[in-house]
Amino acid sequence: MKQKKKTEQPKSYDIEEYRRKKKRERLIHRLIRLGAVLLILGAIIGGVYLYHRYDVEQLIRNAATTQTQGTVAPSVQTTSFPVALDAVKPLGIEAFGDSVALLTSDEVALLESDGTTSFQFVHGYTNPVLKIGDSRVLTYDRGGYGYRLDSRQGNVYTGRSTNTILTGAAGHDSVFALVTSESYYAGSVTVYNKSGEELLKWSSADPIVDVDFSPDDKKLAVACVTFDLQGELVATVHIFDINKEEELATPSFSDVMPVAINYKESGQIHLICDGMLGIIEKDMETTSTSTYLRELHTYAFTHEGTVLVSSDSHEVSSTVTYINEDGETKSLNISAAVVDVAVSKDGICILTDSAVQEYGLDFQSEGTYTVGNSIFEIEMAGGRIYSLSASYLDFLDQDGTPSDEEGESD
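What counts and what doesn't
- Residues numbered from 1 in each chain as written.
- Predicted model: local features only at pLDDT ≥ 70, side-chain atom pairs only at ≥ 80, totals over all residues.
- Heavy atoms only, no water.
- Helix = DSSP H or I, 4+ residues; strand = E, 2+ residues; numbered from the N terminus.
- Buried < 20%, exposed > 50% of the residue type's maximum accessible area, 1.4 Å probe, protein only.
- Contact = heavy atoms within 4.5 Å.
- Areas by Shrake-Rupley, 256 points an atom, 1.4 Å probe, with all protein chains shown as cover.
- pLDDT = per-residue confidence, 0-100.
- Phe/Tyr/Trp six-rings, centres within 6.5 Å; stacked < 30°, edge-to-face > 60°.
- Lys NZ or Arg CZ within 6 Å of the ring centre and 35° of its normal.
- Pairing = 2+ DSSP bridges.
- Axes fitted to C-alpha atoms, helices over the stretch in contact; angles between N-to-C directions.
- Polar contact = N/O pair within 3.5 Å; in protein donor to acceptor, adjacent residues only side chain to side chain.

When helices and strands are counted, the chain shows three helices and 33 strands. Among the 410 residues that make up the chain, the fraction classed as buried is 46%. When contacts within the chain are restricted to residue pairs at least 6 apart in sequence, those whose partners lie at least 24 apart make up 39%. Summing over all exposed atoms, the chain offers an accessible surface of approximately 21,700 Å²; the carbon and sulfur share of this is 49%.

Quick look at the confidence of the model for the chain now. In this model, the chain carries an average pLDDT of 86, and 82% of its residues clear a pLDDT of 70 or more. Here residues 50-70 scores under 50 on pLDDT; set against residues more than four positions off or in separate chains, the count is 27 contacts. The low-confidence segment residues 405-410, where pLDDT is below 50, has eight contacts with residues more than four positions distant or belonging to other chains.

Before going further, it helps to spend a moment on unusual backbone geometry. In this model, Phe 81 is joined to Pro 82 through a cis peptide bond whose omega is 0°. Positive phi outside glycine occurs at Asp 217, with the angle close to 65°. As for its placement among the helices and strands, Asp 217 is situated in the loop between strand S14 (208-213) and strand S15 (219-227). Using a relative accessible area of 12% as the deciding quantity, one classes Asp 217 as buried. The backbone of Asp 255 shows a phi angle near 60°, a positive value even though the residue is not glycine. Summarising the element assignment, Asp 255 is placed in the loop between strand S18 (252-254) and strand S19 (258-263).

Our focus in this paragraph is the packing of aromatic side chains. If you walk through the whole model with that rule in mind, you get 11 aromatic pairs. Ring centres of Phe 81 and Phe 395 lie 5.5 Å apart, and the angle between their planes is 90°; this geometry places the pair in the edge-to-face category. Placement of Phe 81 in the loop between helix H2 (56-69) and strand S1 (83-84) and of Phe 395 in strand S33 (residues 392-395) is noted, with a sequence separation of 314 residues between them. In this structure, Phe 81 and Phe 395 share a single accessibility class: buried. Taking 6.3 Å as the distance between ring centres and 35° as the angle between the ring planes, the aromatic pair formed by Tyr 147 and Tyr 157 counts as tilted. On the criterion of sequence distance, the pair formed by Tyr 147 in strand S8 (residues 146-151) and Tyr 157 in strand S9 (residues 154-160) is long-range, its members being 10 residues apart. Both residues of the pair, Tyr 147 and Tyr 157, count as buried. Through a chain of ring-to-ring contacts, three or more aromatic side chains come together here, namely Tyr 147, Tyr 157, Phe 176 and Tyr 192. Positioned above the aromatic ring of Phe 121, the side-chain terminus of Arg 148 is 3.7 Å from the ring centre.

A word on the sheet that holds strand S32 (residues 384-388). Strand order in the open sheet formed by four strands is S1-S33-S32-S31, with antiparallel pairing between adjacent strands. Every interior strand has two partners, whereas the edge strands, S1 and strand S31 (377-381), have only one. Relative to S33, S1 runs antiparallel, the two sharing two bridges. Bridging from a neighbouring strand, Ala 84 pairs with Tyr 392 of S33.

A separate point is the sheet that holds S8. The four strands are arranged S6-S7-S8-S9 in an open sheet whose pairing can be described as antiparallel. If you trace the sheet from one side to the other, it starts and ends with strand S6 (128-132) and S9, each paired once. Taking the axes of each pair of neighbouring strands and ignoring which way they run, one obtains an average angle of 15° across the sheet. Here strand S7 (residues 137-141) runs beside S8; their pairing, made up of four bridges, is antiparallel.

Our focus in this paragraph is the pairing of strand S23 (residues 295-301). On any regular strand, side chains alternate: one points to one face of the sheet, the next to the other face. Here S23 pairs with strand S24 (residues 306-311) via six bridges, running antiparallel. In the strand pairing of S24, Glu 295 is matched with Ser 311. Linking two consecutive strands that pair antiparallel, namely S23 and S24, is a turn of four residues.

Attention now moves to the side chain of Arg 136. One can find Arg 136 in the loop between S6 and S7. Exposure remark for Arg 136: the relative accessible area of 15% places this residue in the buried category. Reaching out from Arg 136, the side chain makes a polar contact with the backbone oxygen of Asp 173 at a distance of 3.0 Å. Apart from the residues within four sequence positions on either side, Arg 136 is in contact with Phe 96, Lys 131, Leu 149, Asp 150, Ser 151, Val 156, Ala 170, Asp 173, Ser 174 and Lys 194.

Okay, the pairing of strand S11 (residues 176-182) next. Counting buried residues in S11 gives five out of seven residues, a clear majority hidden from the surface. Where strand S10 (residues 165-170) and S11 come together, five bridges link them in antiparallel fashion. Note that in S11 the partner of Thr 167 across the bridge is Val 179. Taking the residues between adjacent antiparallel strands as the criterion, S10 and S11 are bridged by five residues. Pairing of S11 with strand S12 (residues 185-192), which is carried by six bridges, proceeds in the antiparallel orientation. Looking at the pairing, Val 179 lines up with Val 189 of S12. Hairpin connection, S11 to S12: the antiparallel pair is bridged by two residues, and Tyr 184 has positive phi, about 70°.

So, on to the environment of Ser 318. Along the chain, Ser 318 turns up in strand S25 (residues 318-323). Here the alpha-carbon distance between Ser 318 and Asn 333, two residues 15 residues apart in the chain, equals 5.8 Å. Among all residues touching Ser 318, those that are not within four sequence positions of it are Arg 294, Val 309, Ser 310, Ser 311, Leu 332, Asn 333, Ile 334, Ala 336, Ala 337 and Val 338. A polar atom in the side chain of Ser 318 sits 3.0 Å from the backbone oxygen of Ala 336.

Quick look at the structure:
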(Lines give C-alpha, C1' and ligand atoms only; values in the text may rest on other atoms or scores of the structure.)
Protein backbone atom coordinates (compact mmCIF):
# COMPACT_ATOMS: atom_id res chain seq x y z
CA MET A 1 0.00 0.00 0.00
CA LYS A 2 1.42 3.29 -1.02
CA GLN A 3 2.21 5.74 1.68
CA LYS A 4 0.57 9.04 1.10
CA LYS A 5 3.08 11.91 0.63
CA LYS A 6 2.61 14.71 3.10
CA THR A 7 2.12 18.16 1.71
CA GLU A 8 4.51 20.79 3.31
CA GLN A 9 2.66 23.61 4.98
CA PRO A 10 4.03 27.17 4.65
CA LYS A 11 5.75 28.50 7.72
CA SER A 12 4.12 31.35 9.59
CA TYR A 13 5.56 34.89 8.85
CA ASP A 14 7.30 36.45 11.91
CA ILE A 15 6.86 40.22 11.43
CA GLU A 16 8.83 41.07 14.63
CA GLU A 17 11.85 39.12 13.47
CA TYR A 18 11.70 40.94 10.14
CA ARG A 19 11.64 44.29 11.88
CA ARG A 20 14.60 43.35 14.06
CA LYS A 21 16.56 42.27 10.98
CA LYS A 22 15.86 45.52 9.16
CA LYS A 23 16.81 47.49 12.26
CA ARG A 24 20.13 45.66 12.47
CA GLU A 25 20.82 46.37 8.81
CA ARG A 26 20.07 50.08 9.24
CA LEU A 27 22.34 50.21 12.31
CA ILE A 28 25.17 48.52 10.40
CA HIS A 29 24.77 50.95 7.50
CA ARG A 30 24.81 53.92 9.89
CA LEU A 31 27.93 52.63 11.59
CA ILE A 32 29.61 52.21 8.22
CA ARG A 33 28.68 55.77 7.19
CA LEU A 34 29.80 57.13 10.56
CA GLY A 35 33.13 55.32 10.24
CA ALA A 36 33.65 56.75 6.78
CA VAL A 37 32.86 60.28 7.99
CA LEU A 38 35.24 59.92 10.95
CA LEU A 39 37.95 58.63 8.61
CA ILE A 40 37.52 61.62 6.29
CA LEU A 41 37.50 64.06 9.23
CA GLY A 42 40.65 62.44 10.60
CA ALA A 43 42.37 62.83 7.27
CA ILE A 44 41.32 66.50 7.05
CA ILE A 45 42.44 67.26 10.62
CA GLY A 46 45.72 65.44 10.04
CA GLY A 47 46.27 67.37 6.84
CA VAL A 48 45.54 70.70 8.53
CA TYR A 49 47.91 69.77 11.39
CA LEU A 50 50.67 68.90 8.97
CA TYR A 51 49.97 72.05 6.96
CA HIS A 52 50.36 74.25 10.04
CA ARG A 53 53.26 72.42 11.64
CA TYR A 54 55.32 71.52 8.60
CA ASP A 55 56.06 73.12 5.27
CA VAL A 56 54.15 70.50 3.26
CA GLU A 57 55.14 71.98 -0.08
CA GLN A 58 58.78 71.72 0.87
CA LEU A 59 58.29 68.18 2.16
CA ILE A 60 56.71 67.20 -1.16
CA ARG A 61 59.55 68.84 -3.09
CA ASN A 62 62.10 67.08 -0.92
CA ALA A 63 60.33 63.76 -1.37
CA ALA A 64 60.28 64.20 -5.14
CA THR A 65 63.93 65.16 -5.16
CA THR A 66 64.79 62.17 -2.98
CA GLN A 67 63.06 59.80 -5.41
CA THR A 68 64.83 61.23 -8.45
CA GLN A 69 68.17 62.37 -7.12
CA GLY A 70 68.55 60.91 -3.64
CA THR A 71 68.61 62.86 -0.38
CA VAL A 72 69.15 66.61 -0.79
CA ALA A 73 72.59 67.43 0.60
CA PRO A 74 73.83 70.90 1.58
CA SER A 75 76.13 72.49 -0.98
CA VAL A 76 78.51 74.07 1.54
CA GLN A 77 81.17 71.50 2.35
CA THR A 78 83.80 72.69 4.80
CA THR A 79 86.20 71.41 7.43
CA SER A 80 88.20 74.63 7.87
CA PHE A 81 88.46 78.26 6.82
CA PRO A 82 88.24 79.61 4.20
CA VAL A 83 84.82 78.26 3.27
CA ALA A 84 84.41 77.99 -0.51
CA LEU A 85 81.05 79.26 -1.79
CA ASP A 86 81.36 78.45 -5.49
CA ALA A 87 78.17 76.36 -5.63
CA VAL A 88 75.93 78.68 -3.59
CA LYS A 89 74.82 82.30 -3.43
CA PRO A 90 75.79 83.78 -0.04
CA LEU A 91 73.30 86.24 1.45
CA GLY A 92 74.81 87.13 4.82
CA ILE A 93 76.54 86.15 8.04
CA GLU A 94 75.57 86.71 11.68
CA ALA A 95 77.66 86.34 14.84
CA PHE A 96 76.63 83.14 16.63
CA GLY A 97 78.66 82.30 19.71
CA ASP A 98 82.38 82.29 18.94
CA SER A 99 81.79 81.92 15.21
CA VAL A 100 79.16 82.82 12.62
CA ALA A 101 76.01 81.49 11.00
CA LEU A 102 76.04 81.57 7.19
CA LEU A 103 72.86 82.15 5.18
CA THR A 104 72.78 81.30 1.49
CA SER A 105 69.94 81.25 -1.00
CA ASP A 106 69.50 77.51 -0.35
CA GLU A 107 70.77 76.66 3.13
CA VAL A 108 71.98 77.70 6.58
CA ALA A 109 75.30 76.56 8.07
CA LEU A 110 76.15 77.01 11.76
CA LEU A 111 79.94 77.14 11.84
CA GLU A 112 82.41 76.40 14.61
CA SER A 113 85.51 78.56 15.15
CA ASP A 114 87.67 76.02 13.27
CA GLY A 115 85.49 76.19 10.16
CA THR A 116 83.57 72.93 10.61
CA THR A 117 79.78 72.92 10.62
CA SER A 118 78.01 71.93 13.80
CA PHE A 119 74.69 71.82 11.92
CA GLN A 120 73.46 72.80 8.47
CA PHE A 121 70.24 72.36 6.56
CA VAL A 122 68.55 73.17 3.26
CA HIS A 123 65.73 75.65 3.96
CA GLY A 124 64.22 75.84 0.46
CA TYR A 125 62.74 79.32 1.07
CA THR A 126 62.25 81.89 -1.68
CA ASN A 127 63.22 84.91 0.44
CA PRO A 128 65.05 83.52 3.49
CA VAL A 129 65.82 85.60 6.57
CA LEU A 130 68.05 84.52 9.46
CA LYS A 131 67.59 85.87 13.01
CA ILE A 132 70.06 84.95 15.74
CA GLY A 133 69.46 84.19 19.42
CA ASP A 134 72.00 83.23 22.06
CA SER A 135 71.65 79.48 21.49
CA ARG A 136 69.18 79.11 18.60
CA VAL A 137 68.57 80.57 15.15
CA LEU A 138 65.26 81.39 13.51
CA THR A 139 64.96 81.05 9.74
CA TYR A 140 61.80 82.12 7.91
CA ASP A 141 60.54 82.84 4.42
CA ARG A 142 59.70 86.55 4.28
CA GLY A 143 56.58 86.95 2.18
CA GLY A 144 56.02 83.19 2.47
CA TYR A 145 54.80 80.78 5.14
CA GLY A 146 57.58 78.45 6.23
CA TYR A 147 59.78 78.88 9.32
CA ARG A 148 62.04 76.79 11.54
CA LEU A 149 64.01 77.01 14.79
CA ASP A 150 67.42 75.31 14.99
CA SER A 151 70.37 74.93 17.34
CA ARG A 152 73.87 73.54 16.91
CA GLN A 153 72.48 70.14 17.91
CA GLY A 154 69.83 70.07 15.16
CA ASN A 155 66.29 71.13 14.33
CA VAL A 156 64.14 72.21 17.28
CA TYR A 157 60.86 73.01 15.54
CA THR A 158 59.54 73.41 11.99
CA GLY A 159 56.24 75.10 11.21
CA ARG A 160 54.10 76.85 8.66
CA SER A 161 52.10 80.03 9.17
CA THR A 162 48.56 80.48 7.86
CA ASN A 163 49.39 84.10 6.91
CA THR A 164 52.41 85.55 5.14
CA ILE A 165 55.43 86.25 7.34
CA LEU A 166 56.63 89.87 7.47
CA THR A 167 59.43 89.75 10.04
CA GLY A 168 60.46 87.91 13.20
CA ALA A 169 62.88 87.65 16.11
CA ALA A 170 64.76 84.88 17.91
CA GLY A 171 64.74 85.04 21.70
CA HIS A 172 67.79 84.69 23.88
CA ASP A 173 66.81 81.19 25.01
CA SER A 174 63.89 79.14 23.71
CA VAL A 175 61.24 81.59 22.45
CA PHE A 176 60.75 83.22 19.07
CA ALA A 177 58.29 85.64 17.49
CA LEU A 178 56.76 86.01 14.03
CA VAL A 179 55.01 89.04 12.59
CA THR A 180 52.43 88.08 9.97
CA SER A 181 49.74 89.67 7.85
CA GLU A 182 46.30 89.56 9.43
CA SER A 183 42.74 89.99 8.13
CA TYR A 184 41.16 93.30 9.29
CA TYR A 185 44.48 94.39 10.87
CA ALA A 186 47.75 95.83 9.64
CA GLY A 187 49.51 92.79 11.09
CA SER A 188 49.91 90.62 14.16
CA VAL A 189 52.81 89.34 16.28
CA THR A 190 52.81 85.88 17.85
CA VAL A 191 55.29 84.60 20.43
CA TYR A 192 55.99 80.85 20.52
CA ASN A 193 58.01 78.56 22.76
CA LYS A 194 60.49 76.08 21.29
CA SER A 195 57.71 73.50 20.85
CA GLY A 196 55.67 75.86 18.68
CA GLU A 197 53.07 76.54 21.39
CA GLU A 198 51.55 80.03 21.34
CA LEU A 199 52.46 82.21 24.34
CA LEU A 200 51.19 85.62 23.21
CA LYS A 201 49.35 87.04 20.22
CA TRP A 202 48.64 90.70 19.55
CA SER A 203 47.02 92.20 16.48
CA SER A 204 47.90 95.76 15.49
CA ALA A 205 45.93 98.41 13.66
CA ASP A 206 49.29 99.98 12.69
CA PRO A 207 52.03 98.40 10.55
CA ILE A 208 54.60 96.49 12.62
CA VAL A 209 58.18 97.32 11.64
CA ASP A 210 60.30 95.23 14.04
CA VAL A 211 60.21 93.22 17.29
CA ASP A 212 62.76 92.20 19.92
CA PHE A 213 62.91 90.31 23.24
CA SER A 214 64.22 91.50 26.60
CA PRO A 215 67.37 89.71 27.85
CA ASP A 216 65.28 87.38 30.07
CA ASP A 217 62.74 86.70 27.28
CA LYS A 218 59.92 87.89 29.56
CA LYS A 219 59.12 91.07 27.65
CA LEU A 220 58.60 91.88 23.98
CA ALA A 221 59.08 95.28 22.34
CA VAL A 222 57.07 95.91 19.15
CA ALA A 223 57.89 98.93 16.95
CA CYS A 224 54.99 100.32 14.90
CA VAL A 225 54.53 103.26 12.57
CA THR A 226 51.36 105.33 12.92
CA PHE A 227 50.00 108.83 12.35
CA ASP A 228 48.78 111.40 14.83
CA LEU A 229 45.61 113.50 14.45
CA GLN A 230 47.50 116.05 12.33
CA GLY A 231 48.72 113.32 9.97
CA GLU A 232 52.31 113.40 11.21
CA LEU A 233 54.39 110.24 11.48
CA VAL A 234 54.76 108.69 14.94
CA ALA A 235 57.07 105.82 15.94
CA THR A 236 55.32 103.87 18.70
CA VAL A 237 56.75 101.08 20.83
CA HIS A 238 54.37 98.59 22.47
CA ILE A 239 55.98 96.73 25.38
CA PHE A 240 54.34 93.46 26.49
CA ASP A 241 54.67 91.11 29.44
CA ILE A 242 54.70 87.74 27.68
CA ASN A 243 53.72 85.59 30.68
CA LYS A 244 50.83 87.85 31.73
CA GLU A 245 49.86 88.56 28.10
CA GLU A 246 49.36 92.24 28.83
CA GLU A 247 50.69 95.54 27.50
CA LEU A 248 52.91 97.39 29.98
CA ALA A 249 53.71 100.68 28.23
CA THR A 250 53.47 102.52 24.90
CA PRO A 251 56.19 105.17 24.55
CA SER A 252 56.37 107.05 21.25
CA PHE A 253 58.50 109.48 19.23
CA SER A 254 56.99 112.08 16.92
CA ASP A 255 57.80 112.93 13.31
CA VAL A 256 60.09 109.94 12.66
CA MET A 257 59.87 106.60 10.84
CA PRO A 258 60.94 103.53 12.90
CA VAL A 259 63.48 101.21 11.31
CA ALA A 260 64.66 98.67 13.92
CA ILE A 261 64.40 98.00 17.65
CA ASN A 262 66.77 96.37 20.14
CA TYR A 263 66.43 95.43 23.83
CA LYS A 264 69.65 95.96 25.82
CA GLU A 265 70.98 93.88 28.72
CA SER A 266 70.27 96.77 31.09
CA GLY A 267 66.57 96.76 30.15
CA GLN A 268 66.98 99.87 28.01
CA ILE A 269 65.45 99.89 24.51
CA HIS A 270 67.06 101.48 21.44
CA LEU A 271 64.73 102.41 18.57
CA ILE A 272 66.47 103.33 15.32
CA CYS A 273 64.48 105.80 13.23
CA ASP A 274 65.18 107.57 9.96
CA GLY A 275 66.41 110.76 11.64
CA MET A 276 67.36 109.84 15.19
CA LEU A 277 67.87 107.13 17.78
CA GLY A 278 65.12 106.89 20.40
CA ILE A 279 66.16 105.63 23.83
CA ILE A 280 63.60 104.14 26.26
CA GLU A 281 64.82 103.64 29.81
CA LYS A 282 64.19 100.56 31.96
CA ASP A 283 61.17 102.22 33.64
CA MET A 284 59.55 102.25 30.15
CA GLU A 285 58.49 105.88 30.63
CA THR A 286 61.66 108.00 30.45
CA THR A 287 62.81 108.65 26.89
CA SER A 288 65.57 110.58 25.14
CA THR A 289 66.84 110.99 21.59
CA SER A 290 70.14 111.21 19.73
CA THR A 291 69.83 112.82 16.32
CA TYR A 292 72.00 112.50 13.22
CA LEU A 293 71.94 115.02 10.40
CA ARG A 294 72.99 112.78 7.55
CA GLU A 295 70.95 110.02 5.95
CA LEU A 296 70.96 106.67 7.78
CA HIS A 297 72.97 104.10 5.82
CA THR A 298 73.36 101.05 8.07
CA TYR A 299 73.49 100.04 11.74
CA ALA A 300 74.55 97.29 14.15
CA PHE A 301 73.57 96.27 17.68
CA THR A 302 75.32 94.80 20.69
CA HIS A 303 73.81 93.93 24.07
CA GLU A 304 75.26 97.20 25.41
CA GLY A 305 75.09 99.76 22.61
CA THR A 306 74.25 100.71 19.04
CA VAL A 307 76.36 101.72 16.03
CA LEU A 308 74.87 103.98 13.37
CA VAL A 309 76.40 104.85 9.99
CA SER A 310 75.09 107.95 8.24
CA SER A 311 76.34 109.47 5.00
CA ASP A 312 75.71 112.36 2.65
CA SER A 313 73.76 111.99 -0.57
CA HIS A 314 76.91 111.36 -2.64
CA GLU A 315 78.38 108.89 -0.10
CA VAL A 316 81.86 110.41 -0.42
CA SER A 317 82.13 110.57 3.36
CA SER A 318 80.42 108.86 6.29
CA THR A 319 79.89 109.35 10.02
CA VAL A 320 80.04 106.36 12.35
CA THR A 321 78.38 106.91 15.75
CA TYR A 322 78.38 104.68 18.82
CA ILE A 323 75.79 105.21 21.60
CA ASN A 324 76.21 103.20 24.80
CA GLU A 325 73.69 102.38 27.55
CA ASP A 326 74.50 105.57 29.43
CA GLY A 327 73.56 107.66 26.41
CA GLU A 328 77.18 108.63 25.78
CA THR A 329 77.82 109.31 22.10
CA LYS A 330 81.11 109.05 20.20
CA SER A 331 81.49 109.71 16.48
CA LEU A 332 84.09 109.22 13.77
CA ASN A 333 84.15 110.83 10.32
CA ILE A 334 85.49 108.70 7.46
CA SER A 335 86.38 110.09 4.02
CA ALA A 336 84.95 107.07 2.22
CA ALA A 337 81.72 105.23 1.64
CA VAL A 338 81.03 102.59 4.28
CA VAL A 339 80.04 99.22 2.85
CA ASP A 340 79.30 97.51 6.18
CA VAL A 341 79.91 97.84 9.91
CA ALA A 342 80.28 95.25 12.67
CA VAL A 343 80.40 95.72 16.44
CA SER A 344 81.05 93.59 19.50
CA LYS A 345 81.82 94.25 23.15
CA ASP A 346 85.49 94.58 22.12
CA GLY A 347 85.26 97.15 19.37
CA ILE A 348 83.99 98.32 15.99
CA CYS A 349 85.04 97.31 12.46
CA ILE A 350 84.28 99.40 9.38
CA LEU A 351 84.39 97.98 5.85
CA THR A 352 85.15 100.32 2.97
CA ASP A 353 85.90 99.48 -0.67
CA SER A 354 89.35 98.04 -0.05
CA ALA A 355 89.99 97.97 3.69
CA VAL A 356 88.65 96.98 7.09
CA GLN A 357 89.41 99.51 9.81
CA GLU A 358 89.31 98.24 13.40
CA TYR A 359 88.63 100.54 16.37
CA GLY A 360 87.94 100.30 20.06
CA LEU A 361 84.57 101.47 21.35
CA ASP A 362 86.28 104.81 22.05
CA PHE A 363 87.25 104.98 18.33
CA GLN A 364 90.94 104.57 19.02
CA SER A 365 92.47 102.89 15.96
CA GLU A 366 93.58 99.29 16.45
CA GLY A 367 94.60 98.44 12.90
CA THR A 368 93.75 98.39 9.22
CA TYR A 369 93.28 95.28 7.09
CA THR A 370 93.67 95.42 3.31
CA VAL A 371 90.98 93.33 1.60
CA GLY A 372 89.60 92.75 -1.87
CA ASN A 373 86.72 94.87 -3.11
CA SER A 374 84.62 91.71 -3.55
CA ILE A 375 83.91 91.56 0.20
CA PHE A 376 80.44 92.89 0.93
CA GLU A 377 79.90 91.99 4.62
CA ILE A 378 81.92 91.67 7.83
CA GLU A 379 81.16 90.32 11.30
CA MET A 380 82.94 90.18 14.67
CA ALA A 381 82.79 87.04 16.82
CA GLY A 382 85.13 85.25 19.22
CA GLY A 383 87.86 87.87 18.82
CA ARG A 384 87.93 87.46 15.03
CA ILE A 385 86.84 89.58 12.10
CA TYR A 386 84.98 87.50 9.51
CA SER A 387 84.63 88.57 5.87
CA LEU A 388 82.10 87.42 3.29
CA SER A 389 82.40 87.65 -0.50
CA ALA A 390 80.60 85.90 -3.32
CA SER A 391 83.28 83.19 -3.33
CA TYR A 392 84.58 82.82 0.24
CA LEU A 393 83.73 83.10 3.91
CA ASP A 394 86.98 83.76 5.75
CA PHE A 395 88.50 85.60 8.69
CA LEU A 396 91.31 88.15 8.75
CA ASP A 397 94.73 87.11 10.02
CA GLN A 398 96.75 89.15 12.48
CA ASP A 399 98.95 90.44 9.64
CA GLY A 400 95.95 92.21 8.14
CA THR A 401 95.14 89.85 5.28
CA PRO A 402 92.50 87.15 4.79
CA SER A 403 93.65 83.73 5.98
CA ASP A 404 93.57 82.63 2.32
CA GLU A 405 95.16 85.62 0.59
CA GLU A 406 95.35 83.92 -2.79
CA GLY A 407 91.70 82.86 -2.67
CA GLU A 408 90.56 86.38 -1.80
CA SER A 409 92.68 87.95 -4.55
CA ASP A 410 91.12 85.55 -7.03
